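Inside the fold
So you can see what is in the structure, the chains are spelled out below.
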Amino acid sequence: MAQGQGTISATEHFWFLLDKGDRKFSRIRELPNFGRARNDADFQKAFKIYTQLWKLQQENRQKLVEAGLKRWEIGEIASRIAQLYYFQYQRTSDSGNLLEAYVFYEAILTREYFRDSAAASGGSAPDPALANKQLRFFARFLIVCLVLGRRDMVSILANHLRTLVDESRRSFQEIEYKEWKHVVQEIIRFLKLDTSFMNMRPLRYSFVYDTHPDSLPVAASYNSRKGLVLRDAILSSYCHNEVKFAELTLDTFRMLQCLEWEPCGSFSLNIATDSNYNGMGPNRVNLLQDIRDSALPPNPHKVILYRPTITYFLVVLATICEELPPDGILLIYLSASGEIGENYPMLLSSKCSVDAEKQRGDSTDAGMTSPQVSPIKNPFDTSSQSKESYNDKEEAFLWLGSRGIKGSNSLHPCDLIPFTRKPLFLIIDSNNSHAFKVIHGEEKGETMAMLLSPTSQSPAMGAASESSRNQNISQFTMFLTAPVQAFCILLGVSGINMEKETYNNAEKLFSSSLNDWENALLASDELHPIWIEVLGDPFLRRFLLRFVFCRSVLALYNLTFHQEEFLPSCLPDLPDCLHPESDLSESVVLALANFFGVNGHFVFSKGTKVLELMADHRLLVSISYMHESPSNIHELYLEKYE
């Protein structure tokens, strides 16, 4: 009798907790994922309930099954736990929570909790309710794998998702089938445009490719008392027909990745997942050691806003600014069109295309010579552009909305000025980006650091199919997040058949170039104090140096040479030593162009042997470093030039 009472108590307690957990989970799901003053107690309570449920079903599985517990309900509990971990990752950017979510999702996959046994064995149409649960599970697991960088698992899940949608067509209503078919098309398009280079190095900050934060040099004039650190980031996009999966666009995904530390300094996708793993709890040691490294600083808090209203965007911005720590700086990334209904990146007009082709024809054999171009003004000298020259653009804006009432969906530069009482780092990727220059000098407290995209996207070489396929991708964001890949796409260099060692050598060459620019910046007496502050943070320092590379490449590229509309800009201005036509900048671009054999597509202002010697010496030292002794490198250098 006592045993019977115990059985009744266990099952009743399970159903009671399940109902309580559902209510708590619904509340958690509705909480905003921004702001530091969150009630984390709600998460702890919900997590405690579902942990108890998981333990109860493990200890009383047979009794619960006899009482009516279905296998998919066990999977639902595991899925809820995974979702709670992912919600917590969104609120804290702690990658440990992301991996915990992966562990539970993987267990659901390997144990097939949502599998329809009747349909699998008899060939009947899948149960619509179960098929929907399984499809939602695949979609959520895909997001986690994308952010975590487990590319192999992403491909597996995408195939599962496509197969299940096709199998469920008979049992789904037409509108429901079309919705899931659209989800499949989204992930396929996302993966197609996420180029073949993506498996060659992480977008995250990796000690294999990037300087360890403890080893970053500081400016000679550095006397900051604040020591600004990137604490928070708002990543937002509103572009028509943009490549996305769920609410994660390709551009915000890349920015998100660039604001995370690579676990243990290694590329996580090279770490194979144990295919025999089918447990939870303490058995997940091999996975946890991939992501948790006590030596790494915490990731910056990130809020992704997909197609936000202006009001909601400003509420998020105000909340984060209010709670920004004294030593913190906020990154704002906005990717949006500057005109109603227009897409960005924009297709080139016929006039731009004709001018570009003409210029290309004038310089096809001009590897070291200047074409006959006479620009009216120097596009790199932003200091000469008076503030009055932008007065006619004061009403310019970013369009955060579909077609509708203009005023309610437009974000004006002046909307951001009240928030300049706190340190801000602004990245605008838009055909109206230069309108935000009017903010400079109007700040209310702190000078805003700004990186602004070109107003027109540069025409890429159309020889490679991969290049033409990527015309929809934001070129500026690509340069900031994956600069070597962006360089290859611009020049039509395909990554499909490129060996990983070759690409790694290109990355080493590029890293060496960034170090040279970094040293030039730090040694300059003309560096604005806000850039000195920015250079103190490893994430922002990397963005700034990649911006310098982007500007130099586009300035020297023969299809965009001296055409202001194709050049990015920054405020405050950077020192002249980083001018695109300086010897240092030209030698960096020439070295990378020589490496890929595309130097004929650039125009250099100084056709001297000295520039070529600088570039080729940089190339020899960088590429031979892992294969030759220093004496052999010297001999190779002398043999080439003596």
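No experiment lies behind these values; they were computed from the predicted model shown.

**A few points about the pattern of salt bridges**
Per the counting criterion, the structure on display carries 16 salt bridges. Residues participating in the shared-partner salt-bridge network are D22, E76, R80 and K133.

**Looking at the packing of aromatic side chains**
Counting across every chain of the model gives 34 aromatic pairs. Their ring planes at 40 degrees and their centres at 5.2 Å tell us that F137 and F138 sit as a pair that is tilted. Accessibility assignment for this pair places F137 and F138 in one class, buried. Here F190 and F253 contribute two aromatic rings whose centre-to-centre distance is 5.5 Å and whose plane-to-plane angle is 70 degrees, an arrangement assigned as edge-to-face. On the criterion of sequence distance, the pair formed by F190 in helix α9 (residues 174-193) and F253 in helix α10 (residues 250-258) is long-range, its members being 63 residues apart. Here the aromatic residues F479, F487, F510, W517, F549, Y557, F595, F596, F602 and F604 are joined through ring pairs into a cluster of three or more. Across from the ring centre of F25, 4.3 Å away, lies the NZ or CZ of R80, which sits over that ring.

**Quick notes on the nonpolar core**
If you look at the biggest cluster of nonpolar residues, it comprises 149 residues, and the most contacted ones within it are F425, W531, F543 and F602. In terms of domain composition, this core takes at least three residues from each of domain 1 (10-195) and domain 2 (218-263 + 284-341 + 397-601). Other than its neighbours up to four places away in sequence, W531 contacts F425, A449, M450, L451, L544, C570, L571, P572, D573 and L574. Grouped together as the second largest cluster of nonpolar side chains are 31 residues, Y238, V303, A336 and M448 included.

**Considerations on unusual backbone geometry**
Leaving glycine out, the prevailing phi sign among residues is negative, and the prevailing peptide bond configuration is trans. Cis peptide bonds are those with omega within 30 degrees of zero, and the linkage from L571 to P572 qualifies with -10 degrees. Within the fold, P572 resides in the loop between β10 (569-571) and α20 (583-596). Non-glycine residue S93 carries a positive phi angle of around 60 degrees. Mapped onto the fold, S93 is located in the loop between α4 (71-92) and α5 (95-111). Even without being a glycine, E112 presents a positive backbone phi close to 55 degrees. Mapped onto the fold, E112 is located in the loop between α5 and α6 (117-122).

**What to know about the sheet that holds β10**
With mixed pairing, six strands are arranged side by side in an open sheet as β4-β1-β5-β8-β9-β10. Here the strands that pair on one side only, and so sit at the sheet edges, are β4 (301-306) and β10. On average, each strand axis in the sheet is tilted by 10 degrees relative to the strand beside it, whichever way the strands run. Helix-sheet contacts for helix α19 (residues 538-556) involve β1 (229-238), β5 (328-336), β8 (424-429), β9 (449-452) and β10, and the interaxial angle to β9 is about 45 degrees.

**A few points about the side chain of S430**
Inspection of the secondary structure puts S430 in the loop between β8 and β9. For S430, a relative accessible area of 0% puts it in the buried group. Within the structure, S430 has its side chain in polar contact with the backbone oxygen of A336 (distance 2.8 Å). A polar side-chain atom of S430 sits 3.3 Å from a polar atom in the side chain of N431.

**Quick notes on the pairing of β1**
Burial analysis of β1 places eight of its 10 residues in the buried class, which makes it a mostly covered element. Note: β1 against β5, nine bridges, orientation parallel. Directly across from S237, in β5, lies its bridge partner S335. Of the pairings in the sheet, the one linking β1 to β4 comprises six bridges and is parallel in character. Bridging across to β4, S237 finds its partner in Y306.

**Quick notes on α4**
For α4, spanning 22 residues, the distance from its first C-alpha to its last is 32 Å, which sits close to the expected 32 Å at 1.5 Å a residue. Most of α4 sits inside the fold, with 18 of its 22 residues counted as buried.

**Examining the environment of E446**
Structurally, E446 is set in the loop between β8 and β9. Residues E446 and I530, spaced 84 residues apart in sequence, show a C-alpha to C-alpha distance of 8.5 Å.

Scoring rules and cut-offs
- Here, residues in each chain are numbered from 1, in the same order as that chain's written sequence.
- Restriction of local features to residues with pLDDT of at least 70 applies here, the model being predicted, together with a cutoff of 80 or more for giving and counting side-chain atom pairs; totals for whole chains, interfaces and linings are based on all residues.
- Think of the side-chain values as coming from all heavy atoms in the structure, minus any hydrogens and water.
- When a carboxyl oxygen of Asp or Glu is within 4 Å of a side-chain nitrogen of Lys or Arg, the pair counts as a salt bridge.
- In this scheme Phe, Tyr and Trp rings, the latter by its six-membered ring, pair at centre separations within 6.5 Å, and the angle between planes marks the pair as stacked below 30 degrees, edge-to-face above 60, and tilted otherwise.
- Burial classification: accessible surface area is computed with a 1.4 Å probe over protein chains only, and a residue below 20% of its type maximum counts as buried, one above 50% as exposed, and the rest as partly exposed.
- Going along the chain from the N terminus, every DSSP run of H or I of four or more residues is numbered as a helix, and every run of E of two or more is numbered as a strand.
- A ring is considered to have a charge above it if a Lys NZ or an Arg CZ atom is located within 6 Å of its centre and within 35 degrees of its normal.
- In this description, a nonpolar core means a group of buried Ala, Val, Leu, Ile, Met, Phe, Trp, Tyr and Cys residues linked to one another through side-chain atoms lying within 4.5 Å.
- Note that domain bounds follow an automatic or database assignment of domains.
- Two residues qualify as a contact provided that any one of their heavy atoms is within 4.5 Å of a heavy atom in the partner residue.
- Pairs of strands are assigned from DSSP output, requiring at least two bridges between the strands.
- Interaxial angle, 0 to 180 degrees, is taken between N-to-C directions of lines fitted to C-alpha atoms, where a helix line uses only the stretch in contact.
- Within 3.5 Å is the distance limit for a polar contact, defined as a pair of N or O atoms, with the added protein rule that one can donate a hydrogen and the other accept it, and that residues adjacent in sequence qualify only through two side-chain atoms.
- Here the expected span of a helix is defined as 1.5 Å times the quantity of residues minus one.

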